[in-house]
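Letter by letter, the chains look like this.
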Amino acid sequence: MAKGQISMKTGEDGLHPTYCRICEALCGMIATVENGEITALAPDHDSVHSHGHVCVKGLNMIGVQNDPERVTHPLKRVGGPGEFERVSWDEALDDIAARLSAIVAEHGPEAYATMYGNPPSFGFASFMAPRMFARAVGGTRTFTPSSEDTTSTMLAHLLLYGSGSFVFPDLVECERLYVFGSNPLVSHGSLLIAPRIREDMTAIHKRGEVVVFDPRRTESARAFTHQPLLPNSDVWLIAAMLTTIADEGLVADAFLGEWTTGWEALRDALRPITAERASGFTGIAAERIRELALDFAQTEKAATMGRLGICRGTFPTLSNFLMHALNIVTGKFHRRGGFGFGHGAADTGEMLANAGMTGFRAGASRVSDLPSVVGATPSVTMYDELTQGEERVRALVGSGTNAVLAKPGGHRLEEALEALDLYVALDLYVTETTRFADYILPATTFLERDDVPLTFGGHMVRPTMQYAPAAVKPRGEARLELFILRDLAVRMGLGEKFPEVDPMAAADHLLRTGPEGDGSPTGLSLKLLAENPHGVVLKRGRWDFDLKKKLRHPDGRIHLFDSMIGDEIARLCAEPDPVPGELRLFGMRKLRSINSWMHNVDRLVRSDRPLLLVHPLDAADHGIAEGDMVRLSTRWGAIEVEATITQDVVRGSVCYPHGWGHAKGGWTRANAQSGANFNVIAPSTPDSAEKISGMSFMDGFPVTLERVGKAGELAAAE
Ligand SMILES: Nc1nc2c(c(=O)[nH]1)N[C@H]1C(S)=C(S)[C@@H](COP(=O)(O)OP(=O)(O)OC[C@H]3O[C@@H](n4cnc5c(=O)[nH]c(N)nc54)[C@H](O)[C@@H]3O)O[C@H]1N2
Ligand SMILES: Nc1nc2c(c(=O)[nH]1)N[C@H]1C(S)=C(S)[C@@H](COP(=O)(O)OP(=O)(O)OC[C@H]3O[C@@H](n4cnc5c(=O)[nH]c(N)nc54)[C@H](O)[C@@H]3O)O[C@H]1N2
Ligand code: SF4
Ligand SMILES: [Mo]
């Protein structure tokens, strides 16, 4: 085929339509393939999903794809951490199979645990692989980023709807959008798929108003109405808004009567939380809280969205629960311009359930009183699970996670990983985490695998579907995670428990039997998608579904109250007032970074320097000047970082990005970058997590700040 022509055949010269799997926007891209290699990545202007939108990370994925430091052959540990030697696949897999079988024979299947990270969860097959392997071996402990990302909102969904299907705002018709703890202009949205979210939000602001609740004047806050507040205080704000709405009689009685239970109990429990009381915790005037509540209730097409900023404080489940309740109680639920479930090629809640990821298990943790939510073992128990007692984890397979930088107390995991009898990592790099592995097995990038974004099908703002065949064959000896782990299972004699899967045949089956499959107006199938390389728009749109089928509590209603929620409200009401002078640390994402894993791409990092944002009054209190090095400490650890003074953060808070602190991985460019590992100081013992969900406390925890010197002076002294 001539260069410049569209091709759907892996490795063929030409232009390959694909989509980015770095973040949830799933932007359409065109990969230019020449002589079996990707030579350029460009926006896909014909994409029916993103219409030419991409960001700088997507375009620079080529820097990871072709990175000379990428691991493209199996590596075996031959010395201290990070000392590896190339081996053959057979040698690696035979040795791993023998050692893992022996560990399981001696200590039982629970001696094996699974760990996976963010990037593999974007692929249909790469997401299934670690779960299927765990099921075959029998170990149930599963460490994922959920404890830092989704667990609390998942629990709120389960309590309200009895289901794990995501509920999200209708950006298309909304006229008043309240954004709690999300920075979509940088993150491109999460738990809702909308690649052109900047345009959606701009249009809403033109029709009415977008209010961004955030302790930092973020890129999104600057673009719309910014409502600053203290970190870890939204729960007070939202509770007081609900109380105001109840007092003013702005409640959608008909909807509540038909679809819900528990409103009276919720209202009564929240009664002590007045706007005046909330004002002391949030730093927002009581009058303003009432105004925000009334504006929301009185706008017909209003909705909220909330993300990490309300998912990781000390009341993350209650914060999410009340944020949903705000929509439900004011009649915005399941209504155009409002807030509700989605409809697409697949139902997320059902898919999670089919993957064995269901429900809530109280007291599931061996080493703490924490539960498991949707199959995730709380991150803050990982150190103890790997190091304590006879029943400890002795063997771990990790796919696509840099836990040492990503998990609270990541630095302690170095010791825990090194103590394992066997740690096998499926990854693209020797990282701060995989350097402790006995083997690193080279995984594929998303450009090297066939995919359909089925797991995202249920929460697209404008539902579409696309089939992206691998643009190129895997580099070197890299292999699909699913094939690596199936091969390993077979070598362990577990082939029957881990059946051979053809991922795209499985995807075709799900497409055809799903809500937009055979017999539906769209008639989705892999064949239809293959005939439409830039994607297919689902004809019925987001709102065309039967609400009754999505509500999974036995009574078919939304539960606005629950004993767990009652207990959480009582715990909230007993909270002491904020400590004067206390500083709270919260996090930040930047456009040119994705967590920790694209920092070896020079074009992405060369203009970046992680800095601690400090408010001028707090800087004065602590004798800190621009560019000073400061020590941040908690009872869990201490880091030294460079400070910058700015009005962008609210007084009483400091802000620092995560994913930094590279030093000892096999990524030279990343190692050269300044910055410290946020998670050294993050609360990381089981007592620090939210009791009911096991969610890590990562935003708004108290820190001590002290000046240690000028950045330049310190560097010169070293
Ligand atoms: N460029 C880029 N995009 C990404 C990522 C990335 O690393 N880089 N990561 C991806 C991933 S894994 C995820 S999960 C999503 C996350 O998507 P988002 O949640 O939209 O991303 P964040 O930028 O973390 O936004 C959280 C916001 O909460 C604010 N915040 C912190 N504490 C509080 C608080 O107590 N209250 C309130 N109201 N706000 C608070 C922070 O200042 C921040 O602006 O982003 C994804 N997209
Ligand atoms: N302090 C603090 N900590 C946080 C967060 C925060 O906001 N603040 N955010 C949390 C959130 S939301 C998340 S999602 C987590 C992310 O946590 P992780 O997923 O553990 O961390 P990443 O930095 O995304 O590292 C991903 C790893 O996957 C590898 N990789 C990339 N692509 C592939 C692939 O296709 N297959 C395989 N097998 N490997 C691949 C990369 O080389 C890298 O080693 O971090 C969490 N940690
Ligand atoms: S916003 Fe950027 S990183 Fe996210 S999917 Fe689009 S191109 Fe990829
Ligand atoms: Mo995440």
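Residues numbered from 1 in each chain as written. Chains lettered and ligands numbered in written order. Predicted model: local features only at pLDDT ≥ 70, side-chain atom pairs only at ≥ 80, totals over all residues. Heavy atoms only, no water.

A.B. asks: Can you walk me through the site of ligand 3 in this structure?
C.D. replies: Neighbouring ligand 3 are the residues Cys-20, Ile-22, Cys-23, Ala-25, Leu-26, Cys-27, Val-54, Cys-55, Lys-57, Gly-58 and His-188. When the residues that make up the shell around ligand 3 are grouped by side-chain class, the tally is eight nonpolar, two polar and one charged. (Near = heavy atom within 4 Å. Nonpolar A, V, L, I, M, F, W, Y, C, P; charged D, E, K, R; others polar.)

A.B. asks: Any chance you could explain the environment of Val-64 here in plain terms?
C.D. replies: Summarising the element assignment, Val-64 is placed in helix H2 (residues 61-65). For the pair Val-64 and Ile-310, spaced 246 residues apart in sequence, the C-alpha to C-alpha distance is 32 Å. If we ignore the near neighbours within four places in the chain, the residues touching Val-64 are Arg-70, Leu-428, Tyr-429, Arg-475, Trp-597, Met-598 and Val-601. (Helix = DSSP H or I, 4+ residues; strand = E, 2+ residues; numbered from the N terminus. Contact = heavy atoms within 4.5 Å.)

A.B. asks: So what exactly am I meant to see when it comes to the domain arrangement of the chain here?
C.D. replies: Where interface size is given, it is often the accessible area lost as the parts come together that is meant. Each assigned domain of the chain is listed with its residue range as follows: domain 1 (69-144 + 376-443 + 478-503), domain 2 (160-344 + 558-569) and domain 3 (579-717). Relative placement of domain 2 and domain 3: their C-alpha centres are 28 Å apart. Of the residues lining the interface, 25 residues belong to domain 2; the matching set on domain 3 comes to 23 residues. Summing the contributions of domain 2 and of domain 3, the shared interface buries around 2000 Å²; its carbon and sulfur component is 61%. Three residues stand out in domain 2 for area buried against domain 3, namely Arg-216, Pro-231 and Arg-312, and they jointly supply 33% of the buried area on that side. In this assembly, domain 2 and domain 3 are joined by two salt bridges. The interface formed by domain 2 and domain 3 includes seven residue pairs in polar contact (both at pLDDT 80 or more). Of all the secondary structure elements, the ones that give two or more residues to the side of domain 2 that touches domain 3 are helix H6 (184-187), helix H14 (308-311), helix H15 (316-329) and helix H24 (563-573). For the side of domain 2 that touches domain 3, the class distribution of residues is 13 nonpolar, six polar and six charged. (Domains from an automatic or database assignment. Buried area = accessible area lost by both parts, 1.4 Å probe. Salt bridge = Lys/Arg side-chain N within 4 Å of Asp/Glu carboxyl O. Polar contact = N/O pair within 3.5 Å; in protein donor to acceptor, adjacent residues only side chain to side chain.)

A.B. asks: Whenever I open this one, the layout of surface pockets confuses me. Can you help?
C.D. replies: Empty space left among the atoms is revealed by rolling a probe the size of a water molecule over them. Considering only enclosed or pocket space, the largest pocket measures out at about 510 Å³ in volume. Among the elements that take part in the lining of the largest pocket, helix H4 (residues 124-137) stands out by supplying four residues, more than any other. Considering only residue class, the lining of the largest pocket consists of seven nonpolar, eleven polar and eight charged. (1 Å grid on protein atoms, 1.4 Å probe; cavity = no way out; pocket = protein on both sides within 12 Å on 5 of 7 lines; lining within 4 Å. Points joined across faces, edges and corners; volume = space filled by probe spheres on them.)

A.B. asks: Quick question: what am I supposed to make of the pattern of salt bridges here?
C.D. replies: A side chain with one charge may pair with a side chain of the opposite charge, provided their charged atoms come close. Enumeration according to the criterion identifies 49 salt bridges in this entry. Put simply, Asp-95 and Arg-99 hold a salt bridge, and the shortest N to O gap is 3.4 Å. With a gap of four residues between them, Asp-95 and Arg-99 both fall in helix H3 (residues 89-107), about one helical turn apart. A residue is classified by how much of its surface remains accessible, and Arg-99, at 28% relative accessible area, is partly exposed. Via salt bridges that share partners, Asp-90, Asp-94, Arg-479, Asp-487 and Arg-491 belong to a single interconnected network. (Buried < 20%, exposed > 50% of the residue type's maximum accessible area, 1.4 Å probe, protein only.)

A.B. asks: Help me understand the site of ligand 2, please; the structure alone is not making it clear to me.
C.D. replies: Close to ligand 2 lie 31 residues; Asn-118, Thr-401, Ala-406, Asp-427 and Ser-596 are nearest. In this structure, an oxygen atom belonging to ligand 2 sits 2.5 Å away from a side-chain N or O atom of Ser-596. Contact with the protein chains hides 98% of the accessible area of ligand 2, taken as 920 Å² for the molecule alone. Both of domain 1 (69-144 + 376-443 + 478-503) and domain 3 (579-717) provide at least three residues apiece to the shell around ligand 2. (Areas by Shrake-Rupley, 256 points an atom, 1.4 Å probe, with all protein chains shown as cover.)

A.B. asks: Help me understand the pairing of strand S28 (residues 701-710) in this model?
C.D. replies: Bridge count for strand S23 (residues 583-588) against S28 is three bridges, and the pairing is antiparallel. Bridge pairing in S28 links Leu-583 to Val-703. Examined bridge by bridge, strand S25 (residues 628-634) and S28 share six bridges and lie antiparallel to one another. Opposite Ser-633, over in S28, you have Thr-704 as the bridge partner. (Pairing = 2+ DSSP bridges.)

A.B. asks: Would you mind going over the packing of aromatic side chains with me for this structure?
C.D. replies: Pairs of aromatic rings are described using the distance from one ring centre to the other and the angle between the two planes. Taken as a whole, this structure holds 17 aromatic pairs when the rule is applied. With 5.2 Å between their ring centres and 70° between their planes, Tyr-161 and Phe-341 make a pair best called edge-to-face. Here Tyr-161, found in helix H5 (residues 151-161), pairs with Phe-341, found in strand S14 (residues 339-341); they are 180 residues apart in sequence, far enough to count as distant. For Tyr-161, a relative accessible area of 0% gives the class buried. Overall, Phe-341 belongs to the buried group, its relative accessible area being 1%. Both rings, one in Tyr-178 and one in Phe-213, keep their centres 5.4 Å apart while their planes meet at 65°; by these two values the pair is edge-to-face. Here the residue Tyr-178 occupies a position in strand S9 (residues 176-180), and Phe-213 occupies one in strand S10 (residues 209-213), the gap between them amounting to 35 residues. We note Arg-542 situated over the ring of Phe-168; from NZ or CZ to the ring centre the distance is 3.8 Å. (Phe/Tyr/Trp six-rings, centres within 6.5 Å; stacked < 30°, edge-to-face > 60°. Lys NZ or Arg CZ within 6 Å of the ring centre and 35° of its normal.)

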